[in-house]
Each structure stands twice: as structure tokens, then as C-alpha cells.
Amino acid sequence: MKVLLLVMSLLLGYGCAAKKLAINNADTLITYQITRHIPQDTAQKKELTQNVVSFLNESKPLAKDLLKVLKQIDLKDPKNIGTHYARLEKDYIKLATDFSSILAPALAGLGQDQQKDFFKQLKKENDKIKKGQKDRDERIADRFKHFFGSLNHPQELLLKEYKSYFIERSELRLQRRVKLQQSFEEIYLEQALVKREKLFLAVFVDYQKDGPKGNKNLEMIQALIPTLSEEQHKFFNSKKDEIAELLQYFIERSY
């Protein structure tokens, strides 16, 4: 389930005013994204919306921690970049795990017809990921440009150097999704709703803990920093300030 990434992409993809509007309506947007993947009837959507609201309000302490770490990041003085990366990664895993408390009851309550629709949607998403692997290089370059504004020749060479790593991560991601789907199918053999919900929650927690080993993201970041130009530093700092402003806006917003 990549609902969190979809919502984050939505927030990162528009101007600041539009992003603030998205934060104001985050409960509606997240509920919409979930129901695009998990079929829900009216009663289920009502419960889902309440769970999303609770999740957003309870995520404020985590947002404050993210904001604190973000303000400390200085790519011109990268000696603590490993520490900052570890904290951001830890916070993301916690956020994803907390989000599972929304997905678990939503999945547990699906009837047989809804389950069929859900697995059809999963297959469609997996097929899309397979086809999307062809333009992976372009998407990685676009992600880099989003935070640094441009891509110079040494950075192009660096991305090529890590190409096999990106391919491996993409393939492992698909394998993990297929394995997760098999776990879902086994859980639906359990008839008791409460037991189902606990099983879904456990599977999601294990999924987060059992991420691909040998993560080279930090290694790549450390190799990238010396190649940054003054303009790229300025661009990154403007993006960092914008994200900090949005985090603060979210912290002050009640749902």
C-alpha cells in the first residue's frame, strides 16, 4: 500500500498555496486515496474518515520531530547527515506503521465481493509497476531536480553508477508487494473480524520491519553532496524552508 507516498507526492507537486489547501483537506484527500484502492460502502467510509482524522491529529508530535530534524540539515556541513537520515528514516517507518492502524480495519471489514475488487485493483497496480520500470531513470532524475533544480554531468554519472541498485530495489519492491498480497489472501480465510484486523496489522508491521536490506540511499546522498553547486545549495534550502513551513502549517491545523 503506497497511499502515504501518493499523498506526499500530491503535497510536493504543486505551489505552496495549493499545498496548504491540500493540508487543510488532508482528511478528505487521504480518505479518497484509500478508497481508490480499497472498496468501501457508506458505513465503512464513515468509520474510515474518523480513523483518518484521528491519525492526522495524533501525528502532530511526529511532525514536530520531523520539523526539528529538517531545520538542522545543512548540506554544506554534512558531518551529521548520517544521524539526520537515521532519524528521518525512523520517523517515516513510525508514520507508516501508525498508518497501518487505518488500513487494517478497512481491509478486515471487506465482504467477499469487495475482496474480489480489491485483489483486482492490487493486480492492476502491480502490472503498472512492472510497466513503469522502463522509465525509472527519468523518474529518479525528476525527483533529484525537484529538490536541487538541475542535474550536472557528475551527478548524471553518479545516478548511472547506482542504476543497478535502483533496478534491484524496484524488483524487490514488487516481490514484497506480491508476498504481501499472498498474506492478505490467507488472512481472508479467517472469519472472525477482530482476528482478521489483528492479522492485517501484524502483516503491515512486519512489512515495514522487513524492508530490503543493503539500503544505499545514505551512501548515495553522501556521494552527491560534494557535487552540488552553489545554486543547487540555494535551491535545496528554499525547498527545505518550504517543507518546514508546510510542516508548521500542518502542526497548527486541527482536523
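A quick note: this is a predicted structure, and the numbers were derived from the prediction, not measured. (Residues numbered from 1 in each chain as written. Predicted model: local features only at pLDDT ≥ 70, side-chain atom pairs only at ≥ 80, totals over all residues. Heavy atoms only, no water.)

Asker: So what's going on with the overall build of the protein? Which residues, and what values?
Answerer: Of regular secondary structure, the protein possesses 13 helices and zero strands. For the protein, the C-alpha radius of gyration of 20 Å lies close to 18 Å, the compact-globule estimate for 255 residues. Judged by the C-alpha coordinates and their principal axes, the protein covers about 60 × 40 × 30 Å. Sorting the 255 residues of the protein into buried and exposed places 38% on the buried side. Sequence separation of 24 or more characterises 81% of the internal contacts of the protein that already satisfy a separation of 6 or more. Accessible surface, the protein as shown: approximately 14,900 Å² in total, 55% of it carbon and sulfur. Positive and negative side-chain charges of the protein, numbering 44 and 35 respectively, have mean locations separated by a distance of 1 Å. (Helix = DSSP H or I, 4+ residues; strand = E, 2+ residues; numbered from the N terminus. Rg over C-alpha atoms; globule rule 2.2 N^0.38 Å. Buried < 20%, exposed > 50% of the residue type's maximum accessible area, 1.4 Å probe, protein only. Contact = heavy atoms within 4.5 Å. Areas by Shrake-Rupley, 256 points an atom, 1.4 Å probe, with all protein chains shown as cover. Lys, Arg positive; Asp, Glu negative; His and termini not counted. Charge placed at Lys NZ, Arg CZ, Asp CG, Glu CD.)

Asker: For the confidence of the model for the protein, give the residues involved together with the corresponding values.
Answerer: Scored by pLDDT, the protein comes out at a mean of 87, with 90% of its residues at no less than 70. Ranking the elements of the protein by mean pLDDT puts helix H1 (residues 3–12) last, at 50, and helix H4 (residues 42–58) first, at 95. (pLDDT = per-residue confidence, 0-100.)

Asker: Could you give an account of the side chain of Glu125, with specific residues and numbers?
Answerer: Within the secondary structure, Glu125 sits in helix H7 (residues 112–132). Here Glu125 falls in the buried class, since its relative accessible area comes to 13%. A distance of 2.3 Å separates polar atoms of two side chains, one belonging to Glu125 and the other to His37. Residues within four places of Glu125 in sequence aside, it is in contact with His37 and Arg177. (Polar contact = N/O pair within 3.5 Å; in protein donor to acceptor, adjacent residues only side chain to side chain.)

Asker: Could you give me a rundown of the packing of helix H5 (residues 60–72) against helix H6 (residues 81–108), with the residues and numbers involved?
Answerer: The contact between H5 and H6 brings their axes to 10 Å, and the two run at 160°. Relative to H6, the element H5 is oriented roughly antiparallel. The chirality of how H5 crosses H6 is left-handed. Between H5 and H6, the contacting residues are Leu62, Asp65, Leu66, Lys68, Val69 and Gln72 on the first element and His84, Arg87, Leu88, Asp91, Lys94 and Leu95 on the second. (Axes fitted to C-alpha atoms, helices over the stretch in contact; angles between N-to-C directions. Parallel < 35°, antiparallel > 145°, perpendicular 65-115°, else oblique. Left-handed = near helix turned anticlockwise from the far one by under 90°.)

Asker: Would you mind going over the environment of Glu230 in detail, with residue names and values included?
Answerer: Examined against the element boundaries, Glu230 turns out to sit in helix H13 (residues 230–252). Linking Glu230 and Ile167, residues 63 residues apart in sequence, is a C-alpha distance of 31 Å. Within polar-contact distance, the side chain of Glu230 engages the side chain of Lys76 at 2.8 Å.

Asker: Outline the layout of surface pockets, supporting the account with residue identities and numerical values.
Answerer: A volume near 230 Å³ is recorded for the second largest pocket. Contributing to the lining of the second largest pocket are Leu172, Gln175, Arg176, Lys179, Leu180, Ser183, Val203, Asp206, Tyr207 and Asp210. Every element with two or more residues in the lining of the second largest pocket is listed here: helix H10 (163–187) and helix H11 (193–209). For the lining of the second largest pocket, the leading source of residues is H10, giving six residues. Partitioned by chemical class, the residues of the lining of the second largest pocket number four nonpolar, two polar and four charged. (1 Å grid on protein atoms, 1.4 Å probe; cavity = no way out; pocket = protein on both sides within 12 Å on 5 of 7 lines; lining within 4 Å. Points joined across faces, edges and corners; volume = space filled by probe spheres on them. Nonpolar A, V, L, I, M, F, W, Y, C, P; charged D, E, K, R; others polar.)

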